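Here is how the chains run, residue by residue.
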There are 2 protein chains.
Amino acid sequence: MEGVDHLADERNKAEFDVEVMKIVWAGSRHAFEVSDRIARLVASDPVFEKSNRARLSRKELFKSTLRKCAHAFKRIIELRLTEEEAGRLRHFIDQPAYVDLHWGMFVPAIKGQGTEEQQKKWLSLANKMQIIGCYAQTELGHGSNVQGLETTATFDPKTDEFVIHTPTQTASKWWPGGLGKVSTHAVVYARLITNGKDYGIHGFIVQLRSLEDHSPLPNITVGDIGTKMGNGAYNSMDNGFLMFDHVRIPRDQMLMRLSKVTRDGKYVPSDVPKQLVYGTMVYVRQAIVADASIALSRAVCIATRYSAVRRQFGAHNGGIETQVIDYKTQQNRLFPLLASAYAFRFVGEWLKWLYTDVTERLAASDFATLPEAHACTAGLKSLTTTATADAIEECRKLCGGHGYLWCSGLPELFAVYVPACTYEGDNVVLQLQVARFLMKTVAQLGSGKVPVGTTAYMGRAAHLLQCRSGVQKAEDWLNPDAVLEAFEARALRMAVTCAKNLSKFENQEQGFQELLADLVEAAIAHCQLIVVSKFIAKLEQDIGGKGVKKQLNNLCYIYALYLLHKHLGDFLSTNSITPKQASLANDQLRSLYSQVRPNAVALVDAFNYTDHYLNSVLGRYDGNVYPKLFEEAWKDPLNDSVVPDGYHEYLRPVLKQQLRTARL
Amino acid sequence: MEGVDHLADERNKAEFDVEVMKIVWAGSRHAFEVSDRIARLVASDPVFEKSNRARLSRKELFKSTLRKCAHAFKRIIELRLTEEEAGRLRHFIDQPAYVDLHWGMFVPAIKGQGTEEQQKKWLSLANKMQIIGCYAQTELGHGSNVQGLETTATFDPKTDEFVIHTPTQTASKWWPGGLGKVSTHAVVYARLITNGKDYGIHGFIVQLRSLEDHSPLPNITVGDIGTKMGNGAYNSMDNGFLMFDHVRIPRDQMLMRLSKVTRDGKYVPSDVPKQLVYGTMVYVRQAIVADASIALSRAVCIATRYSAVRRQFGAHNGGIETQVIDYKTQQNRLFPLLASAYAFRFVGEWLKWLYTDVTERLAASDFATLPEAHACTAGLKSLTTTATADAIEECRKLCGGHGYLWCSGLPELFAVYVPACTYEGDNVVLQLQVARFLMKTVAQLGSGKVPVGTTAYMGRAAHLLQCRSGVQKAEDWLNPDAVLEAFEARALRMAVTCAKNLSKFENQEQGFQELLADLVEAAIAHCQLIVVSKFIAKLEQDIGGKGVKKQLNNLCYIYALYLLHKHLGDFLSTNSITPKQASLANDQLRSLYSQVRPNAVALVDAFNYTDHYLNSVLGRYDGNVYPKLFEEAWKDPLNDSVVPDGYHEYLRPVLKQQLRTARL
């Protein structure tokens, strides 16, 4: 059966040009070509094999990470890959590793916070990997609240050094990736103390390990924090702990772009605007949103293909059973996730533009749009990562029992993805930041200050507070204006209600604390509106290719109407729509499902994932699932022998009723 | 700090008698005492250690299962434990194992479907574990649809034998626990064929392995299906595959209580009512609901204790930070789950009664209540397992980053629990069974046939279709009648709307398929009503102990009002309540959270879980979390050496820029 495409019928059904959709998904022909080429390169290299990952012990798994990283670096040099290509290579290797933090956090931190001189010195070492660095911020007792960090960096004018110290157990650095076993250096965040005064959190470059024999330097205690969620998954990474016992570093290893300490211990802020930090945040979070669309699309690709392969019930007279993808319950769970993958892809694309825009404005010292951009990226990071984590697990369940097998690819994808809900800002904490921004915006509505960017709709408060949806039949829900107005009315009315309820409290902060749950819901409503509106904006672009725009149109309205149904309580309690209109939206949703059904497999083919990258027996391109499940099963160590290890000690004595004399 | 109770302040705040609550939770003083005694016995026995589980390879983990099972059986014999005590012992060992299937499926299948003679022969062997059995039903290509199984059992009158055969690869048995490496026997489900006619699925006792050397018998291929979700978790179990190549068994190994095949190959149904099968189903599913409350309460216990230990933000002037359990967002996510744990516990208790009731009626050949009991248990299995799986993951997120560590206990609890959503009936398929029953009940409303049991409320359709909620202030939502009426109105109206929409289709089955998603929602509404009503009924019982009933009352209304908010779209679109009343419900919910807050830790103490059973550093009884996190971290194999294995091959060449010559 090798070579047979079991999903050929599905692919023949498609009503659009898949090759064009691949480019739309990738963002550009160039992006598609680079990804396609590098993905194949990784897939064809046996060093990057990963289907055995679940069978490795922690030590073996970690060693395989070291091997893959070294081999990747070697290939990058040999093939003279560009920075973009090198990044894609690391991505498609698809194994969490110290290099992620080295390139993704250590190098950018020096770039963003180091002086030119510091950059020259440290980046030349880091770029060649003569040193390997990590990002040591989080502490055992301090995650979300960076201002609560306890590690101290006390300036000693006698020696012109900082003394880095861990004063309590909860002050131990805990979690940084790459710290446990690999990093030779770290950017350490600590409270800067000079002349007896605490100037708050600053970054310092600290060497952790000898460059000669890799042993930790004196007075540094460092190690791995232990097994994490899942089998394989993030256990390939050496997340670490770190304690300093009065470790001394030269003064010039404080990152001094934003502020510095002089030879005599004076603290001097520079004239570089502090707002630059927000630019970095926007960058990191847009990358997280892009990652969400990737993780989600992987899960959806697996679940969609297997839903087309798998048959269950519905046979008549011994005939063939129904493909599970034909059931409305399956469609009702799966297709909104397929639509979400596309929605997150396009909002991620838009965020990339936003980052460019913010960067240009910062360069021109225009800080006006920053708060809005900051709130919007925080909210979208929260929204997309929460939805993606939930969706991966839902896709696993949509594969029935076999989704529970590691080789389905979904358990590891889930385990490796969920930290995104917590790192770079806990998702609930982030929505509260959005809520604070919304409350401020609502408060200023009468003041003549015009809301900008994604809050622009709030400027039409007068209309949105009283408008009534004009939807009268199911097809009216395919009208972009009708959909947008409903989402805008809902978001604005929820925000205004929160503001009203807040105003009843004498103490605003106490009111905010009391109403946290409502505020989070208002923030989510606002963020969902952003995603819907950016998807609709995408449809207004010039998109060619037979049937491509039609498919995107269907997915856009599936996404919007699915949200409308999921959060129906919001829409109804704010009178943004009526129960009758809600019912029409459901009718339209079912009709859209029928339209997507014949295109479903092609719509996930458009992600252009290799079988290596998916690493899923259920999501194989050729749909040849069942024989491959057997192949995987036979590889389990338990099948090395017919009679299991332990039989003679622990099974035979039971069966032979010889327990009394057995040594257990 | 050993011996210090870091949560003593929390425990001192409690406003109720925890010891009495422990008995309420356990169900009776006897149940409490047995559980308490056996849990301590297990916790104090080093063989049952499980905190190292994540560090074992698959083979080591499996061997530890064999050892624990043998040791447990030995202790059961030595201590002359009762059947109840033995069951608790296996439960508290808390490691999925072949014995679960032997005692939970193999033995009951023979009891339920074997003739007296067969029971005598096989149970005497099974009860002493001279044979070990599993339950081989599911096939590689056939899960939910039992009628689609392909394995055949063809009667050969020449030799008076059945020929068991696996005709295709998808017909391979796949998933049965205990099959892969341990079971000597199986109850195999196969299509019975005699005289050329297919009589559908029946059970057969088949020996799989030699009782002398444990090797598989001729023409039997058997093995383990490979790694499953998570680290530790279900990987301690040998879920297996199994293929038969014309394996012959004596005719008397067909389980013949319900029907038999005679010496000359005639198929003869017995006069034992077929409905007995439903009795077994009710039994299995009530056990699953009970398990849901246990898994959920474990997760809630961990998250609640750690939420009281953990502090984040809110410090003023260098003071101590706020306990995260004091944040309304945390309460809003955590307390409904605490309430759900109690709710599921009580509905599980009621299901136990229902099983007794059904059994008595069956004995008296009264089948009138069976369809209702069947629908109700199917729905509650679905509702409670879905909610529990989601809640465990939510509890993990509520623990912040540290919830992602294996030693938090939550990743493994999640991985080991989620199969409950799929086995014994996929949760969506089960809700559709409920929906079919509801549609039938609605259709008969005018006919004079009075709905019974959990559907009794539908008999008051005339009132429920037109009533308006009388809630006028927040406290009105503490009135059981107001709450019940809102839930009844919502459930009935959703069911009636579905029935109306169905009637628009000419082909009823086609309409049902088209409206599957709506039908599932109607079924869920019905099931939530059951849980709420049984919690309210529990409050009407005589419950003593200072403050105990008050706490249960708070939890009951948190559960109900949380559901009301979560499914607000249902309540509003059916006009069961108004937006204003919904807002009042939220106000009441916040007030209830404040009342639960000081009692939260004591409410999870009432579950009476040992630290061994919880296996969570974050959920430790004494709250001494941070030093213990370090202790666990040091045990990781990666910390065996300061310089990691692989440094010389794969790290040093990178750092020393010697990649070109390195052998990778």
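Residues numbered from 1 in each chain as written. Chains lettered and ligands numbered in written order. Predicted model: local features only at pLDDT ≥ 70, side-chain atom pairs only at ≥ 80, totals over all residues. Heavy atoms only, no water.

We now examine helix α14 (residues 480–503) of chain A. The end-to-end C-alpha distance of α14 of chain A, which contains 24 residues, comes to 34 Å, matching closely the 34 Å that a straight helix rising 1.5 Å per residue would cover. Of the residues flanking the start of α14 of chain A, the one acting as N-cap is N479 of chain A, its side-chain oxygen 2.8 Å from the backbone nitrogen of D481 of chain A. (Helix = DSSP H or I, 4+ residues; strand = E, 2+ residues; numbered from the N terminus. Expected span 1.5 Å × (residues − 1). Polar contact = N/O pair within 3.5 Å; in protein donor to acceptor, adjacent residues only side chain to side chain.)

This part covers the relation of the copies chain A and chain B. Once chain A has been moved 0.0 Å along the axis and rotated by 180 degrees, it coincides with chain B to within an RMSD of 0.0 Å. Such values leave the two copies arranged in the relation of a two-fold axis. Here 100% of the interface residues in chain A have copies in chain B that are interface residues too; the copies meet face to matching face. (Least-squares fit on C-alpha atoms with pLDDT ≥ 70 in both. Contact = heavy atoms within 4.5 Å.)

A few words on the environment of L383 of chain B. As for its position among the elements, L383 of chain B is in helix α10 (residues 370–398). With 45 residues separating them along the chain, L383 of chain B and V428 of chain B place their C-alpha atoms 9.5 Å apart.

On to the pattern of salt bridges. Residue and element names in this part refer to chain A. On inspection of all chains with the given rule, the structure shows 86 salt bridges over all chains. We note a salt bridge from D570 to R490, for which the minimum N-O separation is 2.9 Å. With D570 in helix α18 (residues 568–573) and R490 in helix α14, this residue pair connects regions lying 80 residues apart in the sequence. Each member of the pair, D570 together with R490, is buried. In this structure, a network of salt bridges that share partners links the residues D5, R11, R305 and D605. (Salt bridge = Lys/Arg side-chain N within 4 Å of Asp/Glu carboxyl O. Buried < 20%, exposed > 50% of the residue type's maximum accessible area, 1.4 Å probe, protein only.)

Ordered in space as β4-β8-β7 (chain B), the 3 strands form an open sheet in which the pairing is antiparallel. Single-partner strands in this sheet number two, and they are β4 (173–174) and β7 (220–224) of chain B. The strands touched by helix α22 (residues 625–634) of chain A within the sheet are β4, β7 and β8 (240–244) of chain B, with β8 of chain B carrying the most contacts at an inclination of about 115 degrees. (Pairing = 2+ DSSP bridges. Axes fitted to C-alpha atoms, helices over the stretch in contact; angles between N-to-C directions.)

Now for the pairing of strand β1 (residues 133–136) of chain B. All names here are of chain B. Across the two faces of β1 the burial is the same, with G133 and Y135 and C134 and A136 all buried. Across 4 bridges, the pairing between β1 and strand β5 (residues 185–194) is parallel. When the sheet's bridge partners are listed, C134 is paired in β5 with A186.

What follows concerns the interface of chain A and chain B. It is common to report an interface's size as the accessible area lost on association of the parts. Listed as interface residues are 132 residues of chain A and, on the opposing side, 132 residues of chain B. In this assembly, chain A packs against chain B so that about 11700 Å² is buried in total across both faces, 64% of it on carbon and sulfur atoms. Counting the surface chain A buries against chain B, the share from its top three residues, Y404, F630 and L638 of chain A, is 7%. Joining chain A to chain B, the criterion identifies 16 salt bridges. The partner of D518 of chain B in a salt bridge is R590 of chain A, with the nearest N and O atoms 3.6 Å apart. Applying the counting rule to chain A against chain B returns 45 residue pairs in polar contact (both at pLDDT 80 or more). If one sorts the elements of the side of chain A that touches chain B by residue count, helix α4 (residues 58–78) of chain A sits on top with 11 residues. Here the residues of the side of chain A that touches chain B sort into 63 nonpolar, 37 polar and 32 charged. (Buried area = accessible area lost by both parts, 1.4 Å probe. Nonpolar A, V, L, I, M, F, W, Y, C, P; charged D, E, K, R; others polar.)

Looking now at unusual backbone geometry. For N608 of chain A, which is not glycine, the phi dihedral falls at a positive 60 degrees. Mapped onto the elements, N608 of chain A comes out in the loop between α20 (600–605) and α21 (611–614). Although it is not a glycine, D94 of chain B sits at a positive phi angle of roughly 60 degrees. On the accessibility criterion, D94 of chain B (18% relative accessible area) is buried.

In this structure, Y342 of chain A together with Y342 of chain B are the most contacted members of the largest nonpolar core, which totals 368 residues. Excluding anything up to four places from it in sequence, Y342 of chain A contacts M21, W25, F535, L552, L555, L603, A606 and F607 of chain A. Grouped together as the second largest cluster of nonpolar side chains are 24 residues, I164, I220, V247 and M256 of chain A included. (Core = buried A, V, L, I, M, F, W, Y, C linked by side-chain atoms within 4.5 Å.)

Attention shifts here to the sheet that holds strand β7 (residues 220–224) of chain A. Residue and element names in this part refer to chain A. Taken together, 3 strands build an open sheet; the order of strands is β4-β8-β7 and the sheet is antiparallel. Each of the sheet's edge strands pairs with one partner strand only, and the pair in question is β4 (173–174) and β7. In terms of strand pairing, β7 meets strand β8 (residues 240–244) through 5 bridges, oriented antiparallel. Residue pairing across strands places D224 opposite G240, the latter belonging to β8.

Residues and elements named next belong to chain A. Across the 5 residues that make up strand β3 (residues 161–165), a large majority, 4, are buried. Bridging between strand β2 (residues 152–156) and β3 involves 5 bridges; their strand directions are antiparallel. Bridge pairing in β3 places F155 opposite F162. Remark: 4 residues form the turn of the hairpin made by β2 and β3, two consecutive strands paired antiparallel; D160 in that turn has positive phi of roughly 60 degrees.

Let us look at the packing of helix α9 (residues 328–363) of chain A against helix α17 (residues 548–566) of chain A. The relative placement of two packed helices comes down to the angle between their axes together with the axis-to-axis distance. Residue and element names in this part refer to chain A. It is at 8 Å that the axes of α9 and α17 come closest, and there the two elements cross at 105 degrees. Compared by their axis directions, α9 and α17 come out roughly perpendicular. Judged by residue contacts, F335, P336, L338, A339, S340, Y342, A343, F344 and F346 of α9 engage L552, L555, I558, Y559 and Y562 from α17. Here the contact of α9 with α17 is built from residues that sort into 13 nonpolar, 1 polar and no charged. (Parallel < 35°, antiparallel > 145°, perpendicular 65-115°, else oblique.)

Further remarks concern the domain arrangement of chain A. Residues and elements named next belong to chain A. By domain assignment, chain A separates into domain 1 (107–272) and domain 2 (277–605). One C-alpha centre belongs to domain 1, the other to domain 2; they are set 37 Å apart. Tallying the contact residues gives 8 residues for domain 1 and 9 residues for domain 2. The contact between domain 1 and domain 2 buries some 640 Å² in all, and 74% of this surface belongs to carbon and sulfur atoms. Per-residue buried area on domain 1 facing domain 2 is highest for M229, A233 and Y234; these three make up 59% of the total on that side. There are 2 residue pairs in polar contact (both at pLDDT 80 or more) connecting domain 1 and domain 2. For the side of domain 1 that touches domain 2, the per-class residue count stands at 4 nonpolar, 4 polar and no charged. (Domains from an automatic or database assignment.)

The next thing to look at is helix α7 (residues 116–127) of chain A. Residue and element names in this part refer to chain A. In this model α7 runs 15 Å from its N-terminal to its C-terminal C-alpha over 12 residues, within 8% of the 16 Å that 1.5 Å per residue would give. When α7 is considered as a whole, its buried residues turn out to be Q118, W122, L123 and A126. Down the axis of α7, the smallest arc covering the buried residues is 105 degrees, so these residues share one side. Turned more than 90 degrees away from the buried face of α7, the exposed residues are E116, E117 and K120. Where α7 is buried, its residues contact α6 (98–113), β5 (185–194) and β6 (197–207). Positive backbone phi, at 60 degrees, marks M129, one or two positions downstream of α7. (Arc of directions from axis to C-beta.)

This brings us to the packing of aromatic side chains. The full count for this structure, using the stated rule, is 49 aromatic pairs over all chains. Ring centres of W25 of chain A and Y342 of chain A lie 5.1 Å apart, and the angle between their planes is 75 degrees; this geometry places the pair in the edge-to-face category. Within this pair, whereas W25 of chain A is found in helix α2 (residues 18–26), its partner Y342 of chain A is found in helix α9, the two being separated by 317 residues in sequence. Of the two residues, W25 of chain A and Y342 of chain A, both sit in the buried class. Plain terms: the ring middles of Y135 of chain B and Y189 of chain B are 5.0 Å apart, the flat faces sit at 55 degrees to each other, and that makes the pair tilted. (Phe/Tyr/Trp six-rings, centres within 6.5 Å; stacked < 30°, edge-to-face > 60°.)

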